[in-house]
Amino acid sequence: MVLNWLVVSALSGSSVSTAQPPTPVHGQEGQDAPWVVTPQELVDTMLDMAAVEPNELLIDLGSGDGRVVISAAQRGLRAIGIELDGGLVALSRERAEEAGVAEQTELIQADIFEYDFSNADVITFFLLPELTIRLRPTFFNLRPGTRIVSNTWDMRGTEEDPEAPGWDPDETIVLDPCPGFCSANAWTVPAKVEGMWQLDDGSELELRQRYQMVSGELRTGGRRITLQEGRLTGTLLTFRAAGIRYRAEVDGATMTGAASQADDTDRWRATRQP
Ligand SMILES: C[S@@+](CC[C@H](N)C(=O)[O-])C[C@H]1O[C@@H](n2cnc3c(N)ncnc32)[C@H](O)[C@@H]1O
């Protein structure tokens, strides 16, 4: 690579020291998405929606001029930006330096489809819809509880049918007045609960799962009760059955929690069946 630059420089008569990546231009094409910035107000909203905490790790996929990474670092997070364009990586490093957060940030020139971001607590992105559809299976298999926030695009649709149902956001906020791009979507990666579970009292719980939405049946005392309002928020499972509200923390093959009706609350626990 260095040799190529030397050859090009020698042929063009320029010196090696001028071999800089081109200066980024807003709106320029990227490999998979152009460079368009998220308005600062929406960046702040996205970080609020992710309920970021100091010392967490945020990774921005396609980090542009580094504004999401810098804002996260200013809130005390460790923040990594993954960006393919060398000019933008250089610009974002300069901006992080100017903002005094160079130590807490890493601005890496890489392809988001080749970078392992599974250690993030929070993922942010502003990419085109077809990219988010491609990333959706990877996102769904991240550690339960990982928060994902996007500028504008959601994770509905398929490559063949952009209107097809997909992974609905847990929350959408639309800014009014709109600062240019107005909406942000947030998801929390749910635990995987699909299958048969047995409660300690011998009852059986059959769960079906579509992303964070849960349906199924509780079989207890000879009755089959259809679950209502089943939902996962990260590792927290909630549903209602025969007027009783169930909540449980899912930890691998065990879930433990409370079942409440009026003023009565009982503890319950279930284990996954093979
Ligand atoms: C719409 S901009 C978003 C920039 C920044 N995250 C923000 O919100 O202001 C998308 C960025 O993704 C970058 N990009 C596109 N395809 C990429 C890829 N495969 N890997 C890494 N970065 C990519 C583009 O160069 C561009 O800077």
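Scroll up for the structure.
**Q** How should the packing of aromatic side chains be read in this particular structure?
**A** To describe a pair of aromatic rings, one takes the distance between the centres and the angle between the planes. Throughout the structure, instances matching the rule amount to eleven aromatic pairs. Ring plane angle 70° and centroid distance 4.9 Å describe the contact between Phe126 and Phe181, whose orientation is recorded as edge-to-face. Note that Phe126 is positioned in the loop between strand E4 (122-125) and helix H5 (129-140) and Phe181 in the loop between strand E6 (171-174) and strand E7 (183-188), a separation of 55 residues in sequence. Within the aromatic cluster, the residues linked to one another by ring pairs are Phe117, Phe125, Phe139, Phe140, Trp167, Trp187 and Tyr211. Over the aromatic face of Phe113 sits the side chain of Arg134, whose NZ or CZ is 3.9 Å from the ring centroid. Over the ring of Phe140 we find Lys192, and its NZ or CZ is 4.2 Å from the ring centre.

**Q** Can you walk me through the site of the ligand in this structure?
**A** If you check the shell around the ligand, you find 21 residues, and the closest are Asp32, Thr38, Asp60, Gly62 and Glu83. Thr38 places a side-chain nitrogen or oxygen 2.5 Å from an oxygen atom of the ligand. Between the ligand and Asp111 there is a distance of 3.0 Å, counted from a nitrogen atom to a side-chain nitrogen or oxygen. A total of 600 Å² of accessible area belongs to the ligand in isolation, and the protein chains cover 98% of it.

**Q** Teacher, can you tell me more about the nonpolar core here?
**A** The tendency in soluble globular proteins is for nonpolar side chains to be buried as a group. Counting 24 residues, the largest nonpolar core has Ile59, Leu61, Ile123, Phe139, Ile148 and Trp167 as the members making the most contacts within it. Among the elements of the structure, strand E1 (57-61), strand E2 (78-83), E4 and H5 are those that each provide at least two residues to this core. Here the element with the most residues in this core is H5; it accounts for four residues. Setting aside anything within four residues of it in sequence, one finds Leu61 in contact with Ile82, Ile112, Phe117, Ile123, Thr124, Phe125, Phe126, Leu127, Leu135 and Phe139.

**Q** Would you mind showing me how to read the packing of helix H2 (residues 40-49) against helix H3 (residues 67-74) here?
**A** How two helices sit against one another is set out by the angle between their axes and by the gap between those axes. One can describe the packing of H2 onto H3 by two numbers: an axis separation of 10 Å at closest approach and a directional angle of 55°. The pairing of H2 with H3 is recorded here as oblique in orientation. Judged by the twist between their axes, the crossing of H2 over H3 is right-handed. Residues Gln40, Val43 and Leu47 of H2 lie in contact with H3, whose contacting residues are Arg67, Val68, Ser71 and Ala72. Considering only residue class, the contact of H2 with H3 consists of four nonpolar, two polar and one charged.

Rules used throughout
- Residues numbered from 1 in each chain as written.
- Predicted model: local features only at pLDDT ≥ 70, side-chain atom pairs only at ≥ 80, totals over all residues.
- Heavy atoms only, no water.
- Phe/Tyr/Trp six-rings, centres within 6.5 Å; stacked < 30°, edge-to-face > 60°.
- Helix = DSSP H or I, 4+ residues; strand = E, 2+ residues; numbered from the N terminus.
- Lys NZ or Arg CZ within 6 Å of the ring centre and 35° of its normal.
- Near = heavy atom within 4 Å.
- Polar contact = N/O pair within 3.5 Å; in protein donor to acceptor, adjacent residues only side chain to side chain.
- Areas by Shrake-Rupley, 256 points an atom, 1.4 Å probe, with all protein chains shown as cover.
- Core = buried A, V, L, I, M, F, W, Y, C linked by side-chain atoms within 4.5 Å.
- Buried < 20%, exposed > 50% of the residue type's maximum accessible area, 1.4 Å probe, protein only.
- Contact = heavy atoms within 4.5 Å.
- Axes fitted to C-alpha atoms, helices over the stretch in contact; angles between N-to-C directions.
- Parallel < 35°, antiparallel > 145°, perpendicular 65-115°, else oblique.
- Left-handed = near helix turned anticlockwise from the far one by under 90°.
- Nonpolar A, V, L, I, M, F, W, Y, C, P; charged D, E, K, R; others polar.

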